[in-house]
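Structure assessment
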Amino acid sequence: MWFHPRPACSEWNSRPGRRVRLNQGCLNNDVEKSTASLCEHFSRRPLQVELFGGRGPMPTLSKARLTECESPWLETWDKMHQYLCPNKVPILTALGFYAEHDLPNPEADSAGTLTVDEKAELGAIATALTIAAVASDAMPTAVLIATLHKVSSCPLLFFSGQLPAAVEWEIAGNYQRGCEKPATHWRDVWGNQLEGDVEVPTQPNITRAALSAIDSIQGERRRGRPYNVANQILADRLGEIFRQTGQLIVRIRQPAMRGDELVFIEAGPFYDFLELVVPPLQRYLRERELAPVTVDTVVRFVTEAFPSVQ
């Protein structure tokens, strides 16, 4: 990126893909593998579709966000993992872990050091929960557009090197030197640390890219209630984890009484598994006043995507 270097106290993996800002030596071996999965997930260009695809109606006024927030990935992964570890027995039992490894079921409240296989199982679940949490906390579309408006009117803001990754992604995807196809010279936006045909972007081209991004976003947004991408991420990732055990994901509706009224509620092995693992994510979202995830919705998404397993 075309700006003065930051202090050398941290590793700045900002472009391409604005992965994560990590203090030297802060990772242990258990977290590194899950961090690699997070980085792979968030470094793809389709991130914009995944995080911002569910655009709702735009508020009249929103405040621009001109600086990147500190990455929440590692802290969030730790919180998710810390919840899962004391509950490893019911979680891993639900996945058929002990039966698969020909191990007797330990006591429900048994403690002790995790085995390598237990770490791998719980780490994958923690990663899924973390990706859903970070996606839920992504920059709101209204704020993204307000920031792009600010950059279009003052393109010098781009050269500060402080803009959020979501803003830079949009500018890179719409950047043009002239009349060529947008994003042909996306490297100009990411900066001079990349090899290839790279030029210093001009202020008029930054303005044009920002305005083009705004038009694209507004053209793609959907009316109605904003889509909560976290439910879909959980359906994809936790659904895959559960299917790998060989168990079917079946949507079961059981009768139950609520007061004097007969109702039908979700049930089944996959539902019970989700009930065990999603509480730390639900707490994370509730504390930040973000849209909640529900077990019922995740089950519905999985069974709709894979009707043959019902």
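Further up the page is the structure itself.
Residues numbered from 1 in each chain as written. Predicted model: local features only at pLDDT ≥ 70, side-chain atom pairs only at ≥ 80, totals over all residues. Heavy atoms only, no water.

Side note on the overall build of the chain
On a plain count of helices and strands, the chain comes out with 14 helices and 4 strands. Relative to all contacts within the chain whose residues are 6 or more apart in sequence, the contacts with residues 24 or more apart total 71%. A total of about 16,300 Å² of accessible surface is found on the chain, and carbon and sulfur atoms cover 52% of it. (Helix = DSSP H or I, 4+ residues; strand = E, 2+ residues; numbered from the N terminus. Contact = heavy atoms within 4.5 Å. Areas by Shrake-Rupley, 256 points an atom, 1.4 Å probe, with all protein chains shown as cover.)

A word on the nonpolar core
Ile125, Leu234, Leu238, Phe270, Phe273 and Leu281 are the most contacted members of the largest nonpolar core, which has 43 residues in total. For this core, the leading source of residues is helix H6 (residues 116-136), giving 9 residues. With residues up to four places along the chain from it excluded, the contact list for leucine 281 reads Met80, Leu129, Ala132, Ala133, Leu234 and Val293. Counting residues in each nonpolar core, the second largest holds 24 residues, with Met139, Ile145, Phe158 and Ile171 among its members. (Core = buried A, V, L, I, M, F, W, Y, C linked by side-chain atoms within 4.5 Å. Buried < 20%, exposed > 50% of the residue type's maximum accessible area, 1.4 Å probe, protein only.)

A word on the side chain of asparagine 231
Its place among the elements puts asparagine 231 in helix H11 (residues 229-243). For asparagine 231, a relative accessible area of 7% gives the class buried. In terms of polar contacts, asparagine 231 uses its side chain to reach the backbone amide nitrogen of threonine 294, at 3.3 Å. Excluding residues within four positions of it along the chain, asparagine 231 makes contact with Pro292, Val293, Thr294, Thr297, Val298 and Phe301. (Polar contact = N/O pair within 3.5 Å; in protein donor to acceptor, adjacent residues only side chain to side chain.)

So, the pattern of salt bridges
Taken as a whole, this structure holds 7 salt bridges when the rule is applied. Here arginine 177 makes a salt bridge to glutamate 199, at a shortest N to O gap of 3.3 Å. Highlighted residues: arginine 177 in the loop between helix H8 (165-174) and helix H9 (187-190) and glutamate 199 in the loop between H9 and helix H10 (203-220), separated in sequence by 22 residues. Arginine 300 is paired through a salt bridge with glutamate 304; the nearest N and O atoms lie 3.6 Å apart. (Salt bridge = Lys/Arg side-chain N within 4 Å of Asp/Glu carboxyl O.)

Overview of the packing of helix H3 (residues 73-84) against helix H13 (residues 279-287)
It is the contact of H3 with H13, at a shortest axis distance of 9 Å, that shows an interaxial angle of 135 degrees. Accordingly, the angle class assigned to the pair H3 and H13 is oblique. The hand of the H3/H13 crossing is right-handed. Here H3 contributes Thr76, Met80 and Tyr83 to the contact with H13, which in turn contributes Pro279, Pro280, Leu281, Arg283 and Tyr284. (Axes fitted to C-alpha atoms, helices over the stretch in contact; angles between N-to-C directions. Parallel < 35°, antiparallel > 145°, perpendicular 65-115°, else oblique. Left-handed = near helix turned anticlockwise from the far one by under 90°.)

Some thoughts on H3
If you check H3, its first and last C-alpha atoms are 16 Å apart, about what 12 residues at 1.5 Å a residue would give, namely 16 Å. For H3, the complete set of buried residues consists of Trp73, Leu74, Thr76, Trp77, Met80, His81 and Leu84. All buried residues of H3 project into a common sector of 160 degrees when viewed along the axis, lining one side. When the buried face of H3 is taken as reference, the exposed residues oriented beyond 90 degrees from it are Glu75 and Gln82. (Expected span 1.5 Å × (residues − 1). Arc of directions from axis to C-beta.)

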